[in-house]
Every structure is written in C-alpha cells, then in structure tokens.
Amino acid sequence: VIDGQEYVVPMAVEETSIIAGISHAAKWIRNHGEITTQSLGQLGLGQIQLPKVKDMLQVKQLIAMHKDQLIQMANEEPAHSLFKRGGGVKDILVREILRPDGQTMAVLHLLVDTCDAMGANNINQICEFLKEPVEELLNEKVGLCILSNLMDGKIVRAKVVIKKINGALGNAIAEASLFAQLDPYRAATNNKGVLNGIDGVLIATGNDWRAVEASVHAYAARSGQYTSITKWDMQDQQLHGIFEAPIAVGIVGGVTKLHPIAQICLKMLRVKSAAELARVVAAVGLVQNLAAIRALSTQGIVKGHMKLHISNLAVAAGATEEELPFVKEQLIEKLKEHKRVTESDAKAVLAHLRNSLRNS
C-alpha cells in the first residue's frame, strides 16, 4: 500500500529471499505503518561539452542572451513531440570546470521534461541537434553531446513510518542505518540491497536498470563521500525511514512498449504516468532496505537466506518433484542444527532417501 493505494508490484530477480523479504516487510508496514512518496522534479539532463573555451565569461553571457532562442529551436525540431505533450526543453544552464592543464571546460546542461518516457534517446537527439547552433553562437568547439545519467532533476522521495515498534528492534535498525551513513564499505552493500528491490521492478517493466543504478550511486556520493541512500531513525517511539534519489523511468517508448511481458507488468501495476512508476520504484527500494536491515539486526542474513535457498539446493542435487518435500524437510532440520546447509548436504540426503527406498 503506497500513498493509500494498493499495488501489485511485479519483480524479475534471481534471488528468492528478495521477494520473500520485501513481501514480509510490506505486510508489516501495511499492518503497523504507512508508505508515502513524492516526486521532486521531472527534468532529465543532457550535456553539451565545450572542452577548451577561450572566454568563459563570454560563453555565459551569450547563453544567457540566446537561451530562449536555443530552447525554441530544440522544441520546434527534435523535442517537438515532447513539447506538444507539455514537455520539451525547459532551461539551459552553464557549468564551468577547471581542467588539470589550467584551461577551462564549459558544459551546457539542458533540462528536459521527457513526459512519460525515460527519455535517453530524446535527450541525445536534442543535444546533437543543438551542436552546430551552439558552435556558431559561441565560436567555440563542441565536444561530446550526450545525456547524463545523474538526473538530479528527477528526484523521488519515499518515506516509511512504523508505529508502535519494539524499541529494541527500532533502535537496532537505526544503528544499522547509521553504520551505512558513516562507512562507505557498509554503504555500498546497503545501497545494493536497496537496488535489489528497485532493479527487480525496472527489469520487469522493461526499464533501464543500469541507468538508474548509475544515477543512484552517483547521487550517493554527491557530498564527496559515498554514503547510504536511505536513513532510518527512531522518533517518538516510531521508526522513520527515508529514501531520496533520482529515478528516471518510462512507461512509453523502447522495450516498455514493445515487450509483451513488460506490458503485462505495467498493466499489473496500473500506473498512469512515469512519475507514478518512479514513486512506486522508490517505495520498493526503501521497503527492501527495511527487510534487509531488519534481518541483519535480528536473526542475521544467513538463516533466512538459507531457508529459502533449500529448494534450489534440492533441485541442484537432482531431487525429483516427488522427492523434493522429503529432501527439503531433512535439509530444514539440518539447518536448524548446523546453521547452514550446502549442496553436498542435499546430495547426501537424497542418496540416503534413494538407498532407503531401494532397500525397502
């Protein structure tokens, strides 16, 4: 339940424990808390690079004077279909970057509303279209023209509040979160856990999960130190969690429109816009993070993971459909006793079962 609305969320992922963990956490929140989300922007980002500018001040002045003209040109040509739907190029900014050789690089940032498309191709076309007009205007040589996957104009925020939580559990989750905020080594694993949930939805809906991963990791390092993309703390005996990062997704164009499974998954979600899908994705990432931190703070990650992995071990050992229930039962007992099981254990249990059947 996200923003008071029920969603069936499709996920495509190879790890059983991810689905089990997020389902369990989602039920916990449904019964004892809430998930709220908001979109903080809809603007994608394209870059036009000028590797070595002769006069940075002139570049800034000329862009300021002719920005509206460049925006109009782009919206009349490559961005026309976006513009007709209320999107298109909205602004052009100038960044100044000092090169190691002492010279100056300028980068034009094109802020583009891509509507319900992820927008990579649209943004690339717009940047390349403006290459010649920018060179003529500035009398400078343009280098690369390409989108940036650090789309910090498409920030999405998700919040979770769990009420009446056991104080010891809540404080343990907050402490685990603090660890990830302070230590990049822990933050990398924490954020990977967030993306376990996010990627599953992106893959199911035919979206570019690699682009979103790049954006999330870059955003996590925006302060100069890589840190957690989520934060959990206790406030007035309630557990509060927050996720905030760029999520660029689409519900039209590319594989989302062409692949039949992606279309089925979007129908399951019943989202009406790319912004709504991005909010659902952010919520899934935060809930997945809660599931992982809760497991780490209580029973540890191995026990739950191994219990779910037992079916895979039994199948890998060669158990038939009829043999699976017995092999799984024996492996669960072995897990309780030894805290771990392996494929060798599964093969030994299966061999014992088959020997017993032959002898009987």
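Conventions and cut-offs
- Residues numbered from 1 in each chain as written.
- Predicted model: local features only at pLDDT ≥ 70, side-chain atom pairs only at ≥ 80, totals over all residues.
- Heavy atoms only, no water.
- Phe/Tyr/Trp six-rings, centres within 6.5 Å; stacked < 30°, edge-to-face > 60°.
- Lys NZ or Arg CZ within 6 Å of the ring centre and 35° of its normal.
- Helix = DSSP H or I, 4+ residues; strand = E, 2+ residues; numbered from the N terminus.
- Contact = heavy atoms within 4.5 Å.
- Pairing = 2+ DSSP bridges.
- Axes fitted to C-alpha atoms, helices over the stretch in contact; angles between N-to-C directions.
- Salt bridge = Lys/Arg side-chain N within 4 Å of Asp/Glu carboxyl O.
- Buried < 20%, exposed > 50% of the residue type's maximum accessible area, 1.4 Å probe, protein only.
- Parallel < 35°, antiparallel > 145°, perpendicular 65-115°, else oblique.
- Nonpolar A, V, L, I, M, F, W, Y, C, P; charged D, E, K, R; others polar.

Asker: Would you take a moment to explain the packing of aromatic side chains for this structure?
Answerer: Think of a pair of aromatic rings as described by two things: how far the centres are apart, and how the planes are tilted against each other in angle. Tallied over the entire structure, the rule returns zero aromatic pairs. When the ring centre of W209 is taken as reference, the NZ or CZ atom of R210 above it lies at 5.5 Å.

Asker: Help me understand the environment of M151 in this model?
Answerer: Within the secondary structure, M151 is located in the loop between β5 (145-147) and β6 (155-162). When the C-alpha atoms of M151 and G41 are compared, they prove to be 9.8 Å apart, with 110 residues separating the residues in sequence. If we ignore the near neighbours within four places in the chain, the residues touching M151 are G44, L45, I123, S215, P246 and A248.

Asker: Would you mind going over the sheet that holds strand β3 (residues 88-98) with me for this structure?
Answerer: Strands belonging to one sheet form pairs held by backbone hydrogen bonds; the direction of such a pair is parallel or antiparallel. Strand order in the open sheet formed by four strands is β3-β4-β2-β5, with antiparallel pairing between adjacent strands. Each edge of the sheet is formed by a strand with only one pairing partner; in this case those strands are β3 and β5. Taking each pair of neighbouring strands and ignoring which way they run, the sheet shows an average axis angle of 25°. Here β3 pairs with strand β4 (residues 104-113) via ten bridges, running antiparallel.

Asker: Which parts of the structure should I look at to understand the sheet that holds strand β7 (residues 230-235)?
Answerer: Reading across from one edge, β1-β6-β8-β7 is the order of the four strands in this open sheet, with antiparallel pairing throughout. Lying at the two open borders of the sheet, with one neighbouring strand each, are β1 (33-39) and β7. Mean inter-strand twist for the sheet, computed between neighbouring axes without regard to direction, equals 15°. The pairing of β7 with strand β8 (residues 238-246) spans six bridges and is classified as antiparallel. Its bridge partner being in β8, W232 is matched across the sheet by G241. Its contacts with the sheet put helix α6 (residues 167-182) on β7 and β8, and the angle it makes with β7 is roughly 145°. Helix α8 (residues 209-220) contacts β6 and β8 of the sheet and is inclined by roughly 115° relative to β8.

Asker: Looking at this structure, how should I read the pattern of salt bridges?
Answerer: If charged atoms from side chains of opposite charge come close, those side chains can pair. Overall, the coordinates contain eleven salt bridges when judged by the stated rule. Between E135 and K141 there is a salt bridge, and its shortest N-O distance comes to 4.0 Å. Relative accessible area serves as the criterion here: at 60%, K141 is assigned to the exposed category.

Asker: What is the right way to read the packing of α6 against helix α11 (residues 274-297) from this model?
Answerer: Think of two packed helices as two axes; the pair is described by the angle between the axes and how far apart they sit. Axis separation between α6 and α11 bottoms out at 9 Å; the angle between their running directions is 110°. When the axes of α6 and α11 are compared, the pair comes out roughly perpendicular. Where α6 abuts α11, its residues L169, A172, I173 and A176 lie against L290, I293, R294 and S297. Here the residues of the contact of α6 with α11 are counted per class, giving six nonpolar, one polar and one charged.

Everything listed here is a matter of geometry and, on its own, says nothing about what the molecule does.
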